[in-house]
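Structure assessment
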Amino acid sequence: MRIGVTVFPGSNCDRDALHAVELMGADAVELWHGDADLKDVDAVIVPGGFSYGDYLRPGAIARFAEVMAPLEDFARSGGPVLGVCNGFQVLTEAHLLPGALLRNISTKFICDRVRVRVESVETPWTAGCEVGEELTLPVAHNEGNYFADAATLARLEDEERVVLRYLENPNGSANDIAGVCSEGRNVVGIMPHPERVSDPALGSDAGLRILRSVLVGAGV
Amino acid sequence: MADSLKIRVLVRPKEGILDPQGEAVRSALPALGFGGVRTVHIGRLIELEVESADEVDAMCRRLLSNPTIEEYEWEVVS
């Protein structure tokens, strides 16, 4: 399986994500922001960082990078896409996921480990987990406060599209939401960083529970 | 060279959307002795020079603001 990782100016978790993909036994493929195609990958990770310096709004400029056009086609045709942290912000700006990520309620950057509960395994990025499973994952963000209007939140809950939920809400997110999926369930955005805990040398490989799921879904 | 128009775009959080920056500033003002400040909302001022104002509204909708969380208004300044 070939898994692409997008690289924007200011991405800073792309290397970690590529390393995690290699540990999973998949082929890691860099997708440069100026690339016009996705190099035949089977799944895409949009990593964290501060794409384009977070200018204007986090993700607002990256959303119009050249690589986003084929990525949007890929996502809309059912391809598995995972946005992590800034990647989640990019996917909401691109309207591939509902809602937006507001400034943390504390107004402070949060760098911590948090416990989250897997709420849905009906996505390519949680198919290898169990419903109710608890994971400890790193977060590092200034805008992680998930917002959607009341009707959208109700719909997300009804359709079981909340993928991860914080056990202790660190940032003010509506309904303790740490991750959501698209209507087609193939696009997932999460604030925690699974790629930063994907190697026992980093103290934990809990993140592989999420990342490896995409192999389960593909029957690898 | 074509004449250019100066456009001023104001983007701010929609009413009811949490504005932690505004709240932090509101709570800081009394510390400097400024009393009676009930609310502070922080937005963004964007100045453009354009050849035509025809597409300014589309620019606001597609990039300059995020309609999920922000509202905008714009005017031709000169």
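Residues numbered from 1 in each chain as written. Chains lettered and ligands numbered in written order. Predicted model: local features only at pLDDT ≥ 70, side-chain atom pairs only at ≥ 80, totals over all residues.

**Topic: the overall build of chain B**
Put simply, the rule is: Each helix is a run of H or I in the DSSP string that is no shorter than four residues. Each strand is a run of E no shorter than two, and both are numbered from the N terminus. In this setup the radius of gyration rests on C-alpha atoms only. A globule is expected at 2.2 Å times the number of residues raised to 0.38. C-beta atoms are placed from the backbone for every residue, and two residues are taken to be in contact when these atoms lie within 7 Å.
Broken down by element type, chain B carries two helices and three strands. Ordered by position from the N terminus, the helices and strands of chain B form the series β-α-β-α-β. Taken over the C-alpha trace, chain B has a radius of gyration of 16 Å; the compact-globule value for 78 residues is 12 Å, which it surpasses by more than 25%. Summarising its shape, the C-alpha atoms of chain B cover approximately 50 × 25 × 15 Å along the three principal directions. Taking all contacts inside chain B whose residues are at least 6 apart in sequence as the whole, residues at least 24 apart take part in 70%.

**A look at the overall build of chain A**
The test is simple: Exposure is read from a count of other C-beta atoms within 10 Å of each residue's own; the residue is exposed at 12 or fewer, buried at 20 or more and partly exposed in between. C-beta atoms are placed from the backbone.
The secondary structure content of chain A amounts to six helices and 11 strands. Relative to its length of 220 residues, chain A is compact, with a C-alpha radius of gyration of 15 Å against a globular reference of 17 Å. The dimensions of chain A, computed from C-alpha atoms along their principal axes, are 40 × 35 × 35 Å. Looking at the 220 residues of chain A, the share that counts as buried comes to 57%. Nonlocal contacts in chain A, meaning residues at least 24 apart in sequence, comprise 74% of its contacts between residues at least 6 apart.

**Some words on the interface of chain A and chain B**
As a reminder of what qualifies: For this classification, Asp, Glu, Lys and Arg are treated as charged, while Ala, Val, Leu, Ile, Met, Phe, Trp, Tyr, Cys and Pro are nonpolar and the rest, including Gly, are polar.
Each partner contributes residues to the interface: chain A has 12 residues there, and chain B has nine residues. The residue makeup of the side of chain A that touches chain B, split by class, is five nonpolar, four polar and three charged.

**Things to note about the sheet that holds strand β7 (residues 134-141) of chain A**
Residues and elements named next belong to chain A. For clarity, the threshold we go by: Note: two strands are recorded as paired if DSSP finds a minimum of 2 bridges between them. To get an axis, a line is fitted to the C-alpha atoms, and for a helix only the part in contact is used. The angle between two axes follows their N-to-C directions and goes from 0 to 180 degrees.
What the nine strands build is an open sheet, ordered β2-β1-β3-β4-β11-β10-β9-β6-β7; its pairing is mixed. Strand pairing shows two members of the sheet lacking a second neighbour, β2 (27-32) and β7, which therefore form its edges. Each adjacent strand pair in this sheet contributes to an overall mean axis angle of 25°, direction not counted. Taken together, the four bridges between strand β4 (residues 81-84) and strand β11 (residues 187-190) define a ladder with parallel strand orientation. Within β11, the residue paired with Gly 83 across the bridge is Gly 189.

**Considerations on the pairing of β2(A)**
Residue and element names in this part refer to chain A. Defined as follows: Crossovers are marked right-handed if the path from the first strand over the helix to the second runs clockwise, as seen with the strands pointing away from the viewer.
With six bridges joining them, strand β1 (residues 2-7) and β2 adopt parallel strand pairing. Directly across from Arg 2, in β2, lies its bridge partner Asp 27. Crossover β1 to β2 through helix α1 (residues 14-23) is right-handed.

**Remarks on the sheet that holds strand β3 (residues 70-76) of chain B**
All names here are of chain B. Pairing within the open sheet is antiparallel, and its three strands lie in the order β2-β1-β3. Only two strands of the sheet have a single partner each, and these edge strands are β2 (44-50) and β3. Pairs of neighbouring strands in the sheet enclose a mean axial angle of 20°, with direction left out of account. Strand direction decides the pairing type here: strand β1 (residues 5-13) and β3, joined by seven bridges, are antiparallel.

**Some words on unusual backbone geometry**
Residue and element names in this part refer to chain A. Even without being a glycine, Leu 56 presents a positive backbone phi close to 70°. Summarising the element assignment, Leu 56 is placed in the loop between β3 (43-46) and α2 (68-76). The phi angle at His 95 is positive, at roughly 60°, despite the residue not being glycine. Relative to the helices and strands, His 95 resides in the loop between α3 (86-93) and β5 (100-102).

**Looking at the pairing of β1(B)**
As defined by bridge partners, β1(B) adjoins β2(B) across seven bridges and the pair is classed as antiparallel. Within β2(B), the residue paired with Lys6(B) across the bridge is Glu49(B).

**Brief notes about the environment of Pro9(A)**
All names here are of chain A. You can see Pro 9 is positioned in the loop between β1 and α1. The sequence separation of Pro 9 and Phe 50 amounts to 41 residues, and the corresponding C-alpha distance is 8.0 Å. Residue contacts for Pro 9: discarding those within four places in its chain leaves His 33, Ser 51 and Tyr 52.

**What to know about the confidence of the model for chain B**
To keep things clear, this is the line we draw: Known as pLDDT, the predictor's confidence for each residue is given on a scale from 0 to 100.
Per-chain confidence: chain B averages 93 in pLDDT, with 97% of residues scoring 70 or above. The ipTM assigned to the predicted complex is 0.85, against a pTM of 0.94.

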